[in-house]
Number of protein chains: 2
Amino acid sequence: MTSRVLVKNLAALPDGPVSVSGWVETVRDQKKVQFVILRDESGAVQLVNPALRELGEESAEGDAARLETTEAISALAHGSFITVTGELKHDERVKLGGIEIKIAGLDVVAAANPETPIAADSSPDKRMDWRFLDLRQPKQSLVFRIQTTFLHALRSYWVDNDFIEIQTPKLMASASESRAELFEVDYFEGKAYLAQSPQFFKQMAQPAGFGKVFEVGPAFRADPSFTSRHATEFTSVDTEISWVDSHEDVMKLHEELLVAGFTAVKEKHGDEIREHFGVEVTVPTTPFPRIPLAEAKEIVASRGYVVPRADADMDPEGERQIAAYVAEEFGHEFVFLTDYASSIRPFYHKRHDADAGLTNSYDLLFNGVEISTGAQREHRVEVLEEQAREKGMDPEELGFYLDFFRYGVPPHGGFGMGLARVLMLLLHESSIREVTYLFRGPTRLLP
Amino acid sequence: MTSRVLVKNLAALPDGPVSVSGWVETVRDQKKVQFVILRDESGAVQLVNPALRELGEESAEGDAARLETTEAISALAHGSFITVTGELKHDERVKLGGIEIKIAGLDVVAAANPETPIAADSSPDKRMDWRFLDLRQPKQSLVFRIQTTFLHALRSYWVDNDFIEIQTPKLMASASESRAELFEVDYFEGKAYLAQSPQFFKQMAQPAGFGKVFEVGPAFRADPSFTSRHATEFTSVDTEISWVDSHEDVMKLHEELLVAGFTAVKEKHGDEIREHFGVEVTVPTTPFPRIPLAEAKEIVASRGYVVPRADADMDPEGERQIAAYVAEEFGHEFVFLTDYASSIRPFYHKRHDADAGLTNSYDLLFNGVEISTGAQREHRVEVLEEQAREKGMDPEELGFYLDFFRYGVPPHGGFGMGLARVLMLLLHESSIREVTYLFRGPTRLLP
């Protein structure tokens, strides 16, 4: 019995007996010879079988088995999972990796339905219906290998720098951001709400004296929009640190994390990303450009685009424009837009000491799309209470949160970053749906 | 301006000016001299101030400032966050680390309310009300440092062994385990449910060809019980691998992961765990003992305890008894109970080929408490459908899941493990509440 070899490890083996397991990507069933492309999680390999179509009158020993194998291959459905034993042979004429396996035995472990419900040109919605088949494409699984590498690099940075990982509850007694986008849960005799972000609870780690914390976990927004960058459930990358002087300290941390993540991704997957996505991964240089929001709007206006909003905020086109400017001027894919107006920021963002109309906050844009919001937090409870009231929040409902600030708390700040947006923009994909394992939207709960 | 030094780094510095930031743990306000114990996320240090209680007629330069500092220290509330500059002095007579800092300047960054709502003898419930203060105890924050180390070791194992990290959705269109313990969510015009485990979606990675996957994320159970080991929301450690021959392959992986985790925890925190919890961390030897469940029940019966259940299952006392037996016989803290009866296992557990009454499954006990369930999964769709029907599941509702098995799928298996249970049992704590950042139970949604 030969034990299974991953396809990626075949090339390093000498010619001889091997066993491989995976699914059938294609079958080329020619009269004299049959070819099967078998793919596993590590790559694809060509299997070959000299066909024996019928038993002659003077059959050699083993001919019955050869006939059986030939017929099994002819009957193979695309997608079936099989285990094949055979002779590995290095042959540089074979386009696929210079190796092939001559089939000795073939076991159909799980036969696929012969009709595959999706094809290369299926609509995005149809592909989502059959996401598990869609994910069999090497390009698709690569997304999640990249994500694995990216997250592990971030976590390694955090662990190496003495951050504590926290798992904050997703069931809450109240809203963490806005009541408008809140999912309500039947909770025994009462109601609970799904956390829109870990904001309040990662801040709790500050009066708890944890110093520096991180969390990668789900967040939920009952957002009815159908854009390419919104989901009702998404993975949020969060961190929060004590003793910041301003949002500048948060931006520095943010840069270091992204450099760590992109360096690891480029090293491990740079070639595959170029091959499958046609994208050259750039490890960003630090510091990233920083532009106060008001200035960014002027720059955008001077380029001929006046942001059509009544409030002080940017809009997606404005973000694209300022990113184009930054790319031209600084050759950079990232830009921090800083010092957002208090009127468009949550109550817990700290405001400038000299100008309460501005906050110690930023948005980070990557290739023209917002991927993150960061800020120094207001830690003075009386100011926090006042700002909450001003924003129309219910101080009663926020009581548990405001208590965090009554027994001593260090100045602190942090950011939350949408994981799928980073992946989408890194790979120049058109939607977060393409880089989410299973997308959730207003009309999408299945599979 | 001196920049902040972490307390743990002070001992390595020469005598001289330093700045530290943290919270006030104790104040000893003697007539002639004042002592403050300041704690930060890395440790505690003694601050000292020769008191100046009033200005004499011939005051020296700086006396006014000294008087001010003296009065500020007298007024310091326990828990306030302060920044202190002063002269570091090594002095082996100082019990706390052989160093102290003579205060030159003191800045109360965030004053605490003078009355602390919890004390050392507060009830567990009261401590949970004020969890952020409870977590300031070094023993409490150590729990989360240990958890960080444990999870990073697991994730490093996974990443080093080419597993893919997935984030499965927590919003589902149907139950993943049992309708009885399901949280219902208002989802736009319809309903959604919170995932009780990532079971279905981690299995989806198998027909997707991902090979080996892992996830650490929240799971939700509308379980009304109030035991020391149940929560309505908990962190589930999940993994799933292709091409297993039986649950034995899953158990081997499980052992390797726990050895990796415990090795890292012992190396990094062994001394602190001994100090704060009085526990000697043991890295388990492999293989862990394996006992078929039926045999385990006989062993327990022979020790005089007959499990009072009508079904084939164990109960908590039986688990303690078999663990005691394993400790005596094998000197091991872990035991796999294997081959559970089909009648007490979910429909997706694979049954023995020769005896459909038994499953290719196990529970893992650690110090007498179940921390995990693992199994080989049934991957033959017609068998799976039959088993689902037999368990009274609605095949209609399971349609999306059953589809995963219609287009080819490798044999596979995996486990789910409760993170808080591992921590509780590792540290010999009495309840998962003590090792959960913010516990969620039927009557606990705040803070």
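These figures come from a predicted structure and were not determined experimentally. (Residues numbered from 1 in each chain as written. Chains lettered and ligands numbered in written order. Predicted model: local features only at pLDDT ≥ 70, side-chain atom pairs only at ≥ 80, totals over all residues. Heavy atoms only, no water.)

*Asks:* Whenever I open this one, the overall build of chain A confuses me. Can you help?
*Replies:* Helix and strand content of chain A: 11 helices and 16 strands. In terms of principal-axis extent, the alpha carbons of chain A reach across some 100 × 60 × 40 Å. The burial tally for chain A puts 59% of its 447 residues in the buried class. Taking contacts inside chain A between residues at least 6 apart in sequence as the whole, the part at least 24 apart equals 64%. (Helix = DSSP H or I, 4+ residues; strand = E, 2+ residues; numbered from the N terminus. Buried < 20%, exposed > 50% of the residue type's maximum accessible area, 1.4 Å probe, protein only. Contact = heavy atoms within 4.5 Å.)

*Asks:* For this particular structure, what's the right way to read the sheet that holds strand β5 (residues 99–110) of chain A?
*Replies:* Strand pairs in the sheet, formed through backbone hydrogen bonds, run parallel or antiparallel to each other. The strand order around the closed barrel built from five strands is β1-β2-β3-β5-β4 (chain A), with neighbouring strands paired in mixed fashion. Across this sheet, the average inter-strand angle for adjacent strands is 55°, counted without regard to direction. (Pairing = 2+ DSSP bridges. Axes fitted to C-alpha atoms, helices over the stretch in contact; angles between N-to-C directions.)

*Asks:* Got a minute to help me understand the packing of aromatic side chains in this structure?
*Replies:* The geometry of an aromatic ring pair is captured by the separation of the ring centres together with the interplanar angle, meaning the angle of the planes. All told, the structure shown has 62 aromatic pairs over all chains when counted by the stated rule. Arranged with centres 6.0 Å apart and planes meeting at 85°, the rings of B:Phe400 and B:Phe404 form a pair that is edge-to-face. Assessed through its relative accessible area of 12%, B:Phe400 is described here as buried. Members of the aromatic cluster, joined through ring pairs, are A:Trp130, A:Phe132, B:Phe200, B:Phe201, B:Phe347, B:Tyr348, B:Phe400, B:Tyr401, B:Phe404, B:Phe405 and B:Tyr407. We note B:Arg179 situated over the ring of B:Tyr193; from NZ or CZ to the ring centre the distance is 5.2 Å. (Phe/Tyr/Trp six-rings, centres within 6.5 Å; stacked < 30°, edge-to-face > 60°. Lys NZ or Arg CZ within 6 Å of the ring centre and 35° of its normal.)

*Asks:* Hey, could you run me through the UniProt feature "domain: Aminoacyl-transfer RNA synthetases class-II family profile" (unreviewed entry) in chain A in this one?
*Replies:* UniProt feature "domain: Aminoacyl-transfer RNA synthetases class-II family profile" (unreviewed entry): in the numbering of this structure it lies at residues 144–447 of chain A. In residues 144–447 of chain A, helix accounts for 34% and strand for 20%; the two terminal C-alpha atoms are 18 Å from one another. (UniProt positions renumbered as here; feature names shortened; annotations may be inferred.)

*Asks:* So what exactly am I meant to see when it comes to the relation of the copies chain B and chain A here?
*Replies:* The two chain copies are connected by a rotation around an axis plus a translation along it. Placing chain B over chain A gives an RMSD of 0.0 Å and needs a rotation angle of 180°, together with 0.0 Å of translation along the axis. Interpreted geometrically, this transformation is the action of a two-fold axis. Using C-alpha coordinates, one finds that chain B approaches the rotation axis most closely at B:Val185, a distance of 2.2 Å. A high fraction, 100%, of the interface residues of chain B reappear at the interface in chain A, so the copies pair face to face through one surface. (Least-squares fit on C-alpha atoms with pLDDT ≥ 70 in both.)

*Asks:* I'm lost on the domain arrangement of chain A in this one. Help?
*Replies:* By a widespread convention, an interface's size corresponds to the accessible area lost as its parts come together. The assigned domain composition of chain A is domain 1 (7–110) and domain 2 (128–435). For domain 1 of chain A versus domain 2 of chain A, the distance between C-alpha centres works out to 49 Å. (Domains from an automatic or database assignment.)

*Asks:* Explanation requested: the packing of helix α7 (residues 293–302) of chain B against helix α8 (residues 316–330) of chain B in the structure shown.
*Replies:* For any two helices packed against each other, one specifies the inter-axial angle together with the distance between the axes. Residues and elements named next belong to chain B. Contact pair α7 / α8: the axes reach a minimum separation of 9 Å and the direction vectors enclose 85°. By the angle between their axes, α7 is roughly perpendicular relative to α8. Residues Ala-296, Ile-299 and Val-300 of α7 lie in contact with α8, whose contacting residues are Gly-318, Gln-321, Ile-322 and Tyr-325. Per-class residue counts for the contact of α7 with α8 are five nonpolar, two polar and no charged. (Parallel < 35°, antiparallel > 145°, perpendicular 65-115°, else oblique. Nonpolar A, V, L, I, M, F, W, Y, C, P; charged D, E, K, R; others polar.)

*Asks:* What's the story with the sheet that holds strand β10 (residues 212–220) of chain A in this structure? I'm lost.
*Replies:* Residues and elements named next belong to chain A. The strand order β6-β10-β11-β16-β15-β14-β13-β12 describes an open sheet built from eight strands, whose pairing is mixed. Both edges of this open sheet fall to β6 (164–165) and β12 (290–292), since each of them pairs with a single strand only. Direction of pairing for strand β13 (residues 334–338) relative to strand β14 (residues 361–366): antiparallel, over a ladder of five bridges. From the neighbouring strand, Leu-337 faces β14, where its bridge partner is Asp-363. Running at roughly 25° to β14, helix α6 (residues 247–277) makes contact with β11 (233–242), β12, β13, β14, β15 (369–376) and β16 (412–418) of the sheet.

*Asks:* Help me out: how do you make sense of helix α1 (residues 63–74) of chain B in this one?
*Replies:* All names here are of chain B. Across its 12 residues, α1 extends 16 Å between first and last C-alpha, which sits within 8% of the 16 Å expected from 1.5 Å per residue. All of the buried residues along α1 are Asp-63, Leu-67, Thr-69, Thr-70 and Ile-73. Seen end-on, α1 carries its buried residues on one side only, within an arc spanning 160°. Turned more than 90 degrees away from the buried face of α1, the exposed residues are Ala-64 and Glu-68. Turning to α1, the residues buried within the fold contact β1 (16–29), β2 (33–40), β3 (43–50) and β5 (99–110). (Expected span 1.5 Å × (residues − 1). Arc of directions from axis to C-beta.)

*Asks:* For this particular structure, what's the right way to read the environment of A:Arg274?
*Replies:* Residues and elements named next belong to chain A. Checked against the element boundaries, Arg-274 lands in helix α6. Residues Arg-274 and Ser-430, 156 residues apart in the sequence, show an inter-C-alpha distance of 17 Å. With residues near it in sequence (within four places) discarded, Arg-274 still touches Val-279 and Glu-280. Of note is the side chain of Arg-274, whose polar atom sits 3.1 Å from the side chain of Asp-271. (Polar contact = N/O pair within 3.5 Å; in protein donor to acceptor, adjacent residues only side chain to side chain.)

*Asks:* How should I be thinking about the interface of chain B and chain A in this particular structure?
*Replies:* Each partner contributes residues to the interface: chain B has 97 residues there, and chain A has 97 residues. Summing the contributions of chain B and of chain A, the shared interface buries around 8100 Å²; its carbon and sulfur component is 65%. As a salt-bridge pair, B:Glu165 and A:Arg155 come within 2.8 Å of each other at their nearest N and O atoms. Across the chain B-chain A interface, the total number found is 34 residue pairs in polar contact (both at pLDDT 80 or more). When residues in the side of chain B that touches chain A are grouped by element, the largest group, 10 residues, is from helix α4 (residues 138–160) of chain B. (Buried area = accessible area lost by both parts, 1.4 Å probe. Salt bridge = Lys/Arg side-chain N within 4 Å of Asp/Glu carboxyl O.)

*Asks:* What's the story with the UniProt feature "binding site: L-aspartate" (unreviewed entry) in chain A in this structure? I'm lost.
*Replies:* Residue and element names in this part refer to chain A. UniProt records the feature "binding site: L-aspartate" (unreviewed entry) at Glu-177, Arg-221, Thr-373 and Arg-377, using the numbering of this structure. Here Arg-221 shows up in the loop between β10 and β11. Judged by relative accessible area, Arg-221 falls into the partly exposed class, the value being 26%. With residues near it in sequence (within four places) discarded, Arg-221 still touches Glu-177, Glu-181, Phe-183, Gln-196, Ser-197, Ala-231, Thr-232 and Phe-234. There is a polar contact of 3.1 Å between the side chain of Arg-221 and the backbone oxygen of Gln-196. Locating Thr-373 in the fold gives a position in strand β15. Beyond its immediate stretch of four places on either side in the chain, Thr-373 contacts Arg-345, His-349, Tyr-362, Asp-363, Gly-414, Phe-415 and Gly-416.

*Asks:* Just checking my understanding: could you explain the pattern of salt bridges for this structure?
*Replies:* This structure, assessed with the given rule, holds 69 salt bridges over all chains. Between B:Asp162 and A:Lys8 there is a salt bridge, with its nearest N and O atoms 2.4 Å apart. Linking B:Asp162 in the loop between α4 and β6 (164–165) with A:Lys8 in the segment before β1 (16–29), this pair reaches from one chain into another. Here B:Asp162 falls in the partly exposed class, since its relative accessible area comes to 28%. Ionic pairing is found between A:Glu328 and A:Arg303, a salt bridge with its closest N-O pair at 3.1 Å. Of the two residues, A:Glu328 sits in helix α8 (residues 316–330) while A:Arg303 sits in the loop between α7 (293–302) and α8, which places them 25 residues apart along the sequence. Here A:Arg303 falls in the partly exposed class, since its relative accessible area comes to 31%. Taken together, the shared-partner salt bridges connect A:Arg127, A:Arg131, A:Asp134 and A:Glu434 into one network.

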